[in-house]
Amino acid sequence: MKKRQYDEDDVRVRPGKGSRPRTRIRPAHDDAVEGFVVAVDRGRYTTLVHPEKGSAARRRQEARLVVAMKARELGRKGIVVGDRVALVGDVSGRPDTLARVVRVEPRTSMLRRSADDTDDTDGIERPVVANADQLVIVTALADPPPRPRMIDRILVAAFDADIDPLLCLTKSDLAPPDALVALYEPLGVPHVVVHKGGALDKLRDHLRGHVSVLVGHSGVGKSTLVNALVPDANRAVSQVNAVTGRGRHTSTSAVALELPEGGWIIDTPGVRSFGLAHVSVETVLAGFPDLVEGTVHCPKGCTHLGEGCALDAWVAAGHAGPARLESLRRLLSSREGAPDEPAT
Ligand SMILES: Nc1nc2c(ncn2[C@@H]2O[C@H](COP(=O)(O)OP(=O)(O)OP(=O)(O)O)[C@@H](O)[C@H]2O)c(=O)[nH]1
Ligand SMILES: [Zn+2]
């Protein structure tokens, strides 16, 4: 089911003069240190570098920010937040120093946003975050009301990128989660319910050791959550901004924060949703294994949205629940660019 080429623009290192040929087992720069890209701004990559020795907790505590630029040999290869890179040169992280990125490690995933995002109409599909393995859809149970269409869009984006979704329902002090849980549990989407000041143990269990991207509309409580999960989140973000030289109010791109218990959360303030123009009907269907078989009787090029679609008969015959088909059709039509609608 994996069809994306994560490293389509992967680096090709020119063989060095007179040195023995480089192989996969022998990296180009033996002395390079590993950095995790936490922010990207105008050709400057802010990375977090951990000391080589010490316990995991100690290494996290003593990690340093190192700003780097791309080495010429990387050519046009893009580097995004979440990338693991090899750094050479001045990797001290001292003020006004600049390291060089000589290698981008192979990616396990790439989250993209595409042309039909309402705030991005230039028609370009952009990589957003590399190596995420979890997409956390932050949705308030009330104030603002949940938007199922938006959740569906993000779910398809997650399926498309092979990233596991997690529904994080916030503000449970204002409304019960039951209705939303009933909608998404049949899809196999795991969920956690949180509220400000409440316990976060279950959420932490889901996040530990993962690279999780947080998406959600303004006001759903994402910052509240980030601050609770990463005690010094504000300080970490302003450090990143100070290092990259961008002002607080302009920091609308993704920033990765390391969790005290291990793992990363990547906040994407500028990304409210994901365009799905590049996602095929097949990919959407892949999220519905109980319906896929029913589509073999569909007319060629069926949109599965009604009229002649064999899925109605499939459901009528009891092979899958009507709610499943309704949900598939919601996903397919939201993919066609139908606007988000508040829950009724
Ligand atoms: N009742 C209630 N209010 C909450 C909860 N979590 C956050 N809030 C409030 O909701 C408002 C929005 O919270 P933020 O954390 O700023 O939301 P955000 O998603 O980061 O929003 P932006 O900063 O606009 O992206 C604030 O007034 C919070 O105090 C909650 O669990 N319950
Ligand atoms: Zn059909």
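Since the model is a prediction, treat every value here as computed from it, not as a measurement.

Quick look at the side chain of Thr-47
Within the fold, Thr-47 resides in strand β2 (residues 44–49). Look at Thr-47 and you get buried, because its relative accessible area is 0%. At 2.8 Å, the side chain of Thr-47 and the backbone oxygen of Val-66 are in polar contact. Every residue in contact with Thr-47, bar those within four places of it in the chain, is listed here: Gly-35, Phe-36, Val-37, Val-38, Arg-64, Leu-65, Val-66, Val-85 and Leu-87.

Notes on the sheet that holds strand β5 (residues 99–104)
The five strands are arranged β1-β2-β3-β5-β4 in a closed barrel whose pairing can be described as mixed. Direction aside, the axes of adjacent strands within the sheet are offset by 55° on average. Looking at chain direction, β2 and strand β3 (residues 64–70) are connected through five bridges and run antiparallel. The residue bridging Val-49 from the neighbouring strand is Arg-64, located in β3.

Let's talk about the environment of Ala-199
Position of Ala-199 relative to the elements: it lies in the loop between β10 (191–193) and α4 (201–207). Here the alpha-carbon distance between Ala-199 and Ala-228, two residues 29 residues apart in the chain, equals 9.8 Å.

Overview of the UniProt feature "binding site: Zn(2+)" (unreviewed entry) in the protein chain
Residues given the UniProt feature "binding site: Zn(2+)" (unreviewed entry) here are Cys-298, Cys-302, His-304 and Cys-309. Residue position: His-304 is located in the loop between α8 (289–292) and α9 (311–316). The residues touching His-304, leaving out its near neighbours within four places in the chain, are Val-281, Leu-285, Thr-295, Cys-298, Cys-309, Leu-311, Arg-329 and Leu-332. Inspection of the secondary structure assignment puts Cys-309 in the loop between α8 and α9. Cys-309 gets classed as buried once you look at its relative accessible area, which sits at 7%. If near-sequence neighbours (up to four positions away) are discounted, Cys-309 is found in contact with Cys-298, Cys-302, His-304 and Arg-329.

A short note on the site of ligand 1
Taken together, 14 residues form the shell around ligand 1, and within it Lys-196, Ser-218, Lys-222, Ser-223 and Thr-224 come nearest. Between ligand 1 and Ser-218, the relevant distance is 2.5 Å, taken from an oxygen atom to a side-chain nitrogen or oxygen of the residue. Between ligand 1 and Gly-219 there is a distance of 2.8 Å, counted from an oxygen atom to a backbone nitrogen or oxygen. For ligand 1, whose unbound accessible area comes to 640 Å², protein coverage reaches 66%.

Considerations on unusual backbone geometry
Pro-144 follows Asp-143 through a cis peptide bond whose omega is 0°. Relative to the assigned elements, Pro-144 resides in the loop between β8 (134–140) and α2 (148–160). We note that Asp-96 has phi near 65°; this positive angle belongs to a residue other than glycine. Residue position: Asp-96 is located in the loop between β4 (84–89) and β5.

Let's talk about the side chain of Lys-222
When you line up the elements, Lys-222 lands in helix α5 (residues 222–229). Judged by relative accessible area, which is 8%, Lys-222 ranks as buried. Those residues in contact with Lys-222, other than ones at most four positions away along the chain, are Val-138, Leu-214, Val-215, Gly-216, Asp-267, Thr-268 and Pro-269.

Brief notes about the coordination of the zinc ion (ligand 2)
Between any two of four tetrahedral donors, the ideal angle at the metal is 109.5 degrees; between two of six octahedral donors, it is 90 or 180 degrees. At this site the zinc ion (ligand 2) is bound by Cys-298 (SG), Cys-302 (SG), His-304 (ND1) and Cys-309 (SG), with donor distances of 2.1 to 2.4 Å. Angles of 103 to 115° at the metal separate the four donor atoms of the zinc ion (ligand 2), which places the site in the tetrahedral class. Read in sequence order, the donor residues for the zinc ion (ligand 2) give the motif C-x3-C-x1-H-x4-C. Since its relative accessible area comes to 6%, His-304 is described here as buried.

Overview of the packing of aromatic side chains
Tallying each qualifying case throughout the model produces one aromatic pair. Seen from their ring centres, Phe-36 and Trp-264 are 3.8 Å apart, and the 5° between their planes marks the pair as stacked. Here Phe-36, found in strand β1 (residues 33–41), pairs with Trp-264, found in strand β13 (residues 264–267); they are 228 residues apart in sequence, far enough to count as distant. In terms of burial, Phe-36 and Trp-264 fall into one category: buried.

Here we look at the pairing of β1
Sheet faces and side chains relate simply in a regular strand, where the side chains alternate between the two faces. Taken across its nine residues, β1 has seven buried, putting it largely inside the fold. In this structure, β1 lies alongside β4, joined through four bridges in antiparallel fashion. From the neighbouring strand, Val-33 faces β4, where its bridge partner is Leu-87. Inspection of the sheet shows β1 paired to β2 by six bridges, in the antiparallel sense. Residue pairing across strands places Ala-39 opposite Thr-46, the latter belonging to β2.

Reading the values: rules and limits
Residues numbered from 1 in each chain as written. Chains lettered and ligands numbered in written order. Predicted model: local features only at pLDDT ≥ 70, side-chain atom pairs only at ≥ 80, totals over all residues. Heavy atoms only, no water. Helix = DSSP H or I, 4+ residues; strand = E, 2+ residues; numbered from the N terminus. Buried < 20%, exposed > 50% of the residue type's maximum accessible area, 1.4 Å probe, protein only. Polar contact = N/O pair within 3.5 Å; in protein donor to acceptor, adjacent residues only side chain to side chain. Contact = heavy atoms within 4.5 Å. Pairing = 2+ DSSP bridges. Axes fitted to C-alpha atoms, helices over the stretch in contact; angles between N-to-C directions. UniProt positions renumbered as here; feature names shortened; annotations may be inferred. Near = heavy atom within 4 Å. Areas by Shrake-Rupley, 256 points an atom, 1.4 Å probe, with all protein chains shown as cover. Donors = N, O, S within 2.8 Å, 3.2 Å for Na, K, Ca; no water. Tetrahedral: all angles 85-135°; square planar, octahedral: opposite > 155°, others 65-115°. Phe/Tyr/Trp six-rings, centres within 6.5 Å; stacked < 30°, edge-to-face > 60°.

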